[in-house]
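# Descriptive analysis of the structure
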Amino acid sequence: MTAPPSAPSWAIEPVGPLHGDVRISGSKNAVSKLMVAALLADGASTIANAPRLSDVEITAGMLRSVGAEVVIEEDRVVIDAGTLAESRIPVSYSGLNRMPILLVGPLLHRIGEAFVPFVGGDRIGARPVDLHVDALRQFGAEVELTDQGLEAKAVKLHGARIRLNWPSVGATETVLLTAVQAEGRTVLENAAVEPEVVELALFLQRMGARIELQPDRRFVIEGVPHLAGAPQRLGGDRIEAFSYMVAGLATGGSVRITGCAQERLVTAITTLQRMGASFEITDDSITATADHLRSCAVRTSPHPGFMTDWQPPLVVLCTRAHGMSVVHETIFEDRLGYIDALQRMKAEVELFEQCLVGDPCRFQETGARHSALVRGVSPLQGAEVEMPDIRAAFAYLIAAAAADSPSILHGVHHLERGYDQVFDKFSELGLGIRQLDS
Ligand code: UD1
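Residues numbered from 1 in each chain as written. Predicted model: local features only at pLDDT ≥ 70, side-chain atom pairs only at ≥ 80, totals over all residues. Heavy atoms only, no water.

### Structural notes on the site of the ligand
For the record, the criterion: The near set for a molecule or strand comprises every residue that places at least one heavy atom within 4 Å of it. N or O atoms within 3.5 Å of each other form a polar contact, as long as, within protein, one can give a hydrogen and the other can take it, and as long as residues adjacent in sequence are counted only when both atoms are side-chain atoms. Working definition of accessibility: Shrake-Rupley area with a 1.4 Å probe, residue cover restricted to the visible protein chains. Numbering of helices and strands runs from the N terminus; a helix is a DSSP stretch of H or I covering at least four residues, while a strand is a stretch of E covering at least two. Any residue outside Ala, Val, Leu, Ile, Met, Phe, Trp, Tyr, Cys, Pro, Asp, Glu, Lys and Arg is labelled polar, Gly included; the first ten of those are nonpolar and the last four are charged.
Looking at the ligand, there are 20 residues lining it, with R127, D130, S168, D309 and I331 nearest. Measuring from an oxygen atom of the ligand, one finds a backbone N or O atom of G170 at 2.8 Å. When the ligand sits alone it has 710 Å² of accessible area, and the protein chains cover 89% of it. Mapped onto the shell around the ligand, the elements with two or more residues apiece are α4 (130-138) and α5 (169-179). Examining the composition of the shell around the ligand, we find that three residues originate from one element, α4, more than from any other. Split by residue class, the shell around the ligand holds nine nonpolar, five polar and six charged.

Structure below.
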């Protein structure tokens, strides 16, 4: 079965337990970052095992707009930035994803100036870029925020000593992408060390960068004058992997995933085990099954903690687990906004401003409702819902598959931005899924 090229709404017919195999694609959170890194080289880079996502097309469009050649063929993306000539990303790319801010460092190195429009991505919190801007200034860039985006200039960038007040994935990536060609040494303290950040660092190292990661989450980077294009095969998407395993468990079935290393899923597996899931793990595959799911208490946190992108599928799973589960979201203050549609599907979820699991987080006493209490088992009913962001979209799909009546899901473009061939993969698991005419 082939997915429709563009599917605005889907009708979901639950069929009971979902069973089968899912081949996990390359990581969404790494592919676009490696594409941006490829701009630093004056030769071609090849990214293999790339997921087929609209996010990749959007990033390719941005790179082409500054003169890079980008060819996407099946799961390979080839970027040749030898002909780079333009430093301005068109304002039409405003709000589409988080890549514009990451492009500033590479454009400054290649051209000496950059304009990038305001970043987008999912509406899950304020998502400021102050840490990126502070870091770019510490490298010696002149940065000015205008009402359209960010203007930056630099005759020469020099190494810097930077300490992030929060281990931001994006700000760590901005520092890596800028430090690798800045003159001298950069030390980045309190860096994010998510697998996708390490994947970017490994790619930069292949390009010729001199990067060291110390055990205390400190990157030490010696700038080099030139970087060459490099090949890299992406690791499996740990968010996609977790989401499909949860889709199996939430419907009372079992999904076997291949293509995502166990080491990327350690905390996910432990969390699901605590909830009563059993795992069969081989060198090639991971299978999750459960006869009886128990409630859980989970606090999202930076790697190696329970990642924020696993939170929406987990909350749906909690509605299938016996007892009261508690989930404390500490990365994004507004990442439980998708709960209202689950409540319409009869999920028994209540939101709280308090930090309900573990240590208090940055959102304590901000008034943000960032903890959820989930009562299970609550029978889910189908509903007509609008998907608000990538990860909530997948959570709704799982809820619709686990419900006892059909659902209609609008806003499928969110799924297509973040998940490779999701229509085909769910169809192969047996879910009744059909595109509705717009
Ligand atoms: C974050 C997640 C990443 C996830 C991605 C998409 C973490 C640490 N990061 O990465 O796992 O895959 O979203 O959902 O889990 N912040 C600032 N100023 C900045 C940058 C960030 O205050 O300049 C704050 C954000 O508002 C947020 C937190 O830091 O509260 C995490 O941001 P960051 O890690 O940078 O976000 P992403 O890179 O999008």
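Once the structure has been displayed, the description carries forward.
### Let's talk about the sheet that holds strand β21 (residues 384-386)
Stated precisely, the cut-off is as follows: When DSSP finds two or more bridges between two strands, those strands count as paired. Angular values range over 0 to 180 degrees, each being the angle between N-to-C directions of two axes fitted as lines to C-alpha atoms, with helices fitted over their stretch in contact. Pairs of residues are marked as contacts when any of their non-hydrogen atoms sit within 4.5 Å.
Ordered in space as β21-β22-β1-β23, the four strands form an open sheet in which the pairing is mixed. Of all strands in the sheet, those bounded by a partner on one side alone are β21 and β23 (432-436). Neighbour-to-neighbour, the strand axes of this sheet turn through a mean angle of 20°, independent of strand direction. Where strand β1 (residues 9-13) lies against strand β22 (residues 407-410), four bridges are found, and the strand directions are antiparallel. Bridge pairing links S9 to H410 in β22. Contacting β1, β21 and β22, helix α11 (residues 390-402) runs over the sheet at an angle of about 30° to β1.

### A short note on the packing of helix α7 (residues 238-250) against α11
For the record, the criterion: Should an angle fall under 35 degrees it is called roughly parallel, over 145 degrees roughly antiparallel, and 65 to 115 degrees roughly perpendicular, with every other angle called oblique. The hand of a helix crossing depends on one turn: near helix anticlockwise from the far one by less than a right angle means left-handed, and clockwise means right-handed.
As a packed pair, α7 and α11 sit with axes 9 Å apart at the nearest point and diverge in direction by 20°. What the angle tells us is that α7 and α11 run roughly parallel. The crossing of α7 and α11 is right-handed. Residues I239, S243, Y244, V246, A247 and A250 of α7 touch α11, and the partners they reach there are R391, F394, I398 and A402. Its residues assigned to classes, the contact of α7 with α11 shows eight nonpolar, one polar and one charged.

### A look at the nonpolar core
A general feature of soluble globular proteins is that nonpolar side chains tend to end up buried together. The criterion, for reference: Only buried Ala, Val, Leu, Ile, Met, Phe, Trp, Tyr and Cys residues count toward a nonpolar core, and they belong to the same one when joined by side-chain atoms within 4.5 Å. Exposure classes here rest on a 1.4 Å probe applied to the protein chains alone. A residue is buried below 20% of its type maximum, exposed above 50%, and partly exposed in between.
Within the largest apolar cluster, 77 residues are counted, with the highest numbers of intra-cluster contacts made by Y244, I257, L265, L342 and F426. For this core, the leading source of residues is α11, giving twelve residues.

### With respect to the environment of A48
Here A48 lies in strand β3 (residues 44-48). You can call A48 partly exposed: its relative accessible area is 22%. On a C-alpha basis, the gap between A48 and R76 in space is 4.6 Å, while along the polypeptide they are 28 residues apart. When near neighbours in sequence (up to four residues on either side) are disregarded, A48 contacts D75, R76, Q232, R233 and L234.

### Brief notes about the domain arrangement of the protein
Note the following rule: A domain assignment, automatic or from a database, supplies the domain bounds used here. Here the buried area means the combined drop in accessible surface, using a 1.4 Å probe, for two parts upon being joined, counting both sides. Just to be clear on terms, a salt bridge is a Lys or Arg side-chain nitrogen sitting within 4 Å of an Asp or Glu carboxyl oxygen.
The domains assigned to the protein are domain 1 (9-25 + 236-436) and domain 2 (28-233). If you average the C-alpha positions of domain 1 and of domain 2, the two centres end up 30 Å apart. Listed per partner, the contact involves 27 residues of domain 1 and 26 residues of domain 2. When residues of domain 1 are sorted by the area they lose upon contact with domain 2, R264, H303 and R417 head the list and together hold 28% of the total. Between the two partners, domain 1 and domain 2, sit four salt bridges. With its nearest N and O atoms 3.6 Å apart, the salt bridge here joins R52 to D420. Within the residue set of the side of domain 1 that touches domain 2, elements represented by two or more residues are α7, α11 and α12 (413-418). Among the elements that take part in the side of domain 1 that touches domain 2, α12 stands out by supplying five residues, more than any other. For the side of domain 1 that touches domain 2, the class distribution of residues is six nonpolar, seven polar and 14 charged.

### So, the environment of R210
By secondary structure assignment, the location of R210 is in strand β11 (residues 210-214). Residue class for R210 comes out exposed when judged on its relative accessible area of 52%. Expressed as a C-alpha distance, the spacing of R210 and A179, which sit 31 residues apart in the sequence, is 9.6 Å. Beyond its immediate stretch of four places on either side in the chain, R210 contacts V220, I221, E222 and V224.

### Details of the packing of aromatic side chains
What counts, and what does not: Any Phe, Tyr or Trp ring, taking Trp's six-membered ring, that has another such ring centre within 6.5 Å forms a pair; planes under 30 degrees apart are called stacked, those over 60 apart edge-to-face, and the others tilted.
Scanning all chains against the criterion turns up nine aromatic pairs. For the pair F306 and W310, a centre-to-centre distance of 5.3 Å together with 70° between the ring planes defines the contact as edge-to-face. Comparing F306 with W310, the two get one shared label, buried. Ring geometry for F394 against F426: centres 5.4 Å apart, planes inclined by 50°, an arrangement best described as tilted. Of this pair, F394 sits in helix α11 while F426 is found in helix α13 (residues 422-428), placing the two residues 32 residues apart along the sequence.

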